[in-house]
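# Geometric and topological summary
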Amino acid sequence: MSALFLLPISSHVQAQVRWDEVFSKFKLEVRADGEITTTDTTPNLGFHGKYFNFMLGGDLSGGFSYYFKQRIVANPGTVTFFDNTDFIYLDYKPTKNWRARFGKDAMALGGFEYDASPIDVYFPTNLWRNIYCFQLAASGAYITDDGNHTFIAQVSNSPYINYNGLDYDAGLVAYNLYWAGNIGHLHTLWSTSMVEYKWNSYLNMTMLGTKLIYDKWDLYFDFIHHALSSDDWGKNFGIVSCANYYFTPQFNIFIKGMYEQNKSDVTLGSSVSMDHQLAAGHTTARYGLGFEWFPTKEKNVRLHIYGCRMTDSYDLSFPDPEAPTSGAKVTKHVTDASWNFNIGATWTMDFHNLFK
């Protein structure tokens, strides 16, 4: 009935404007999951709504365009007016080679897990879950003539504004350099960033994503490295890889694994965590297998199922039971492990196609 109601409105408005230009993107997308997580105690299980997104984008003429993506949530924002808005930016592209952008945007960080829309990500890394990646930002981009390479320089608010409960004018910024490349079957999303975590003190984030794409399969490998000082290299990093095999255009199987560690001496020696990728002293691993099925030709419905193993290892210190009054400590290495099983559905209501 709603489609019958909208069609005459669409026909009337199309006589005045070009819907396919002003609203080149106009849709709602939803994901809901049912899952169970097993631990050594009582398992957690149930159904929950995962995402509810509204997206709008199009051409404003004269080289200007816009994009808006609102994550619809039940609770209000807590930091700024655009808290629950992932994207709301203005693009200006005077030529095919140059682009400027201003507004709420994703920080220009590399890696294919990070680059994917959140609604499409399963059992992600700690960095993916913990980073406040959507920030007010300004950026400039150069695109090569063949469109295969894009280079971006971006200045954004630092995510440490969010971590530390600061306001937008706290003066903390992030500087990001980014390269997206397409070299035949090989694709790259590489970046390096200087992220200010307190005034004039920076965390270096280097994220190198490399992906092979073929007709029946694809595989990406992301390397994530953090450094809080010049001698802090090789102690705080993560790797994540995911492979897909496409039996048909509508059905694929994927396998994914990751490892992360935070053994930074700088972080461990601080009373305040300065790197929010992972708690100091922890190492985590996740690996699992899953399936996706698109039952419709338009791929506007997706069903998924996966299972994954999760571990978190760390050292736990407690008073020495043999000398409880001496203040001596005993350190024990602890590994928490659990399984997560998830089944869910994603569906997209694309009003742009309806208006067309």
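What counts, and where the lines are drawn
- Residues numbered from 1 in each chain as written.
- Predicted model: local features only at pLDDT ≥ 70, side-chain atom pairs only at ≥ 80, totals over all residues.
- Heavy atoms only, no water.
- Helix = DSSP H or I, 4+ residues; strand = E, 2+ residues; numbered from the N terminus.
- Buried < 20%, exposed > 50% of the residue type's maximum accessible area, 1.4 Å probe, protein only.
- Salt bridge = Lys/Arg side-chain N within 4 Å of Asp/Glu carboxyl O.
- Pairing = 2+ DSSP bridges.
- Core = buried A, V, L, I, M, F, W, Y, C linked by side-chain atoms within 4.5 Å.
- Contact = heavy atoms within 4.5 Å.
- Phe/Tyr/Trp six-rings, centres within 6.5 Å; stacked < 30°, edge-to-face > 60°.
- Polar contact = N/O pair within 3.5 Å; in protein donor to acceptor, adjacent residues only side chain to side chain.
- Patch = residues over 30% accessible without salt bridge, like charges linked within 9 Å, V, L, I, M, F, W, Y side chains within 5 Å.
- Areas by Shrake-Rupley, 256 points an atom, 1.4 Å probe, with all protein chains shown as cover.

## Let's talk about the overall build of the protein
The helix and strand inventory of the protein stands at 7 helices and 16 strands. Per-residue burial for the protein yields a buried fraction of 42% across its 356 residues.

## Remarks on unusual backbone geometry
Positioned with a positive phi, Asn200 is a non-glycine residue whose angle comes to about 65°. Checked against the element boundaries, Asn200 lands in the loop between β9 (186–198) and β10 (201–213).

## With respect to the pattern of salt bridges
Per the counting criterion, the structure on display carries 7 salt bridges. Among the ionic pairs, Lys256 bridges to Glu113, the shortest N-O distance being 2.8 Å. Taken as a pair, Lys256 in strand β13 (residues 251–262) and Glu113 in helix α3 (residues 112–115) lie far apart in primary sequence, 143 residues in all. The pair Lys256 / Glu113 is uniform in exposure class, with both members buried.

## Structural notes on the pairing of strand β11 (residues 217–227)
Sheet topology places β10 next to β11; 10 bridges connect them, and they run antiparallel. Following the sheet pairing, Ile213 is matched in β11 by Asp218. Linking β10 back to β11 in an antiparallel pair, the connection comprises 3 residues. Bridge count between β11 and strand β12 (residues 236–248): 10 bridges; the pairing is antiparallel. Residue Tyr220 lies in a different strand from β12, and its bridge partner there is Cys242.

## Observations regarding the pairing of strand β8 (residues 173–183)
Note that strand β7 (residues 149–157) and β8 share 9 bridges and pair antiparallel. Across the sheet, Phe151 pairs through a bridge with Trp179, a residue of β8. With 10 bridges joining them, β8 and β9 adopt antiparallel strand pairing. Residue pairing for β9: Ile183 is matched across the bridge by Leu186.

## A short note on the nonpolar core
One finds Leu109, Tyr114, Ile131, Tyr160, Met205 and Met207 to be the most contacted residues of the largest nonpolar core, which totals 24 residues. Elements with a contribution of two residues or more to this core: β4 (85–92), α5 (160–163), β9 and β10. The residues touching Met207, leaving out its near neighbours within four places in the chain, are Leu109, Gly110, Gly111, Tyr114, Leu127, Leu189, Trp190, Ser191, Phe223 and Ile224. Among the nonpolar cores identified, the runner-up in size contains 17 residues, and Phe123, Leu189, Val240 and Met310 belong to it.

## As for the packing of aromatic side chains
All told, the structure shown has 26 aromatic pairs when counted by the stated rule. Between the aromatic rings of Tyr160 and Tyr163, the centroid separation amounts to 4.9 Å while the plane-to-plane angle is 85°, which identifies the pairing as edge-to-face. In this pair, Tyr160 and Tyr163 are both assigned in helix α5, 3 residues apart and thus about one turn of the helix distant. The exposure class of Tyr160 is buried, given its relative accessible area of 4%. Relative to Phe341, the ring of Trp339 lies with its centre 6.0 Å away and its plane at 10°, an arrangement referred to as stacked.

## Observations concerning the side chain of Asn236
Relative to the assigned elements, Asn236 resides in strand β12. Within the structure, Asn236 has its side chain in polar contact with the side chain of Asn262 (distance 3.3 Å). Not counting chain neighbours up to four residues away, the residues in contact with Asn236 comprise Ile224, His225, His226, Gln261, Asn262, Ser264, Asp275 and Gln277.

## As for a nonpolar patch on the surface
Judged by side-chain polarity, Ile183, Leu186, Leu212, Tyr214, Trp217, Leu219, Tyr245 and Phe247 come together as a nonpolar surface patch covering roughly 660 Å² of accessible area. Looking at the nonpolar patch, the elements that each hand over two or more residues are β11 and β12. Within the element layout of this structure, Leu186 appears in strand β9. Given a relative accessible area of 30%, Leu186 falls into the partly exposed group.

## A short note on the environment of Trp339
Relative to the helices and strands, Trp339 is located in strand β16 (residues 329–350). For Trp339, a relative accessible area of 36% gives the class partly exposed. Separated by 31 residues in sequence, Trp339 and Cys308 have C-alpha atoms that sit 5.8 Å apart. Trp339 has contacts with Ile36, Thr37, Thr38, Cys308, Arg309 and Met310, leaving out every residue within four places of it along the chain.

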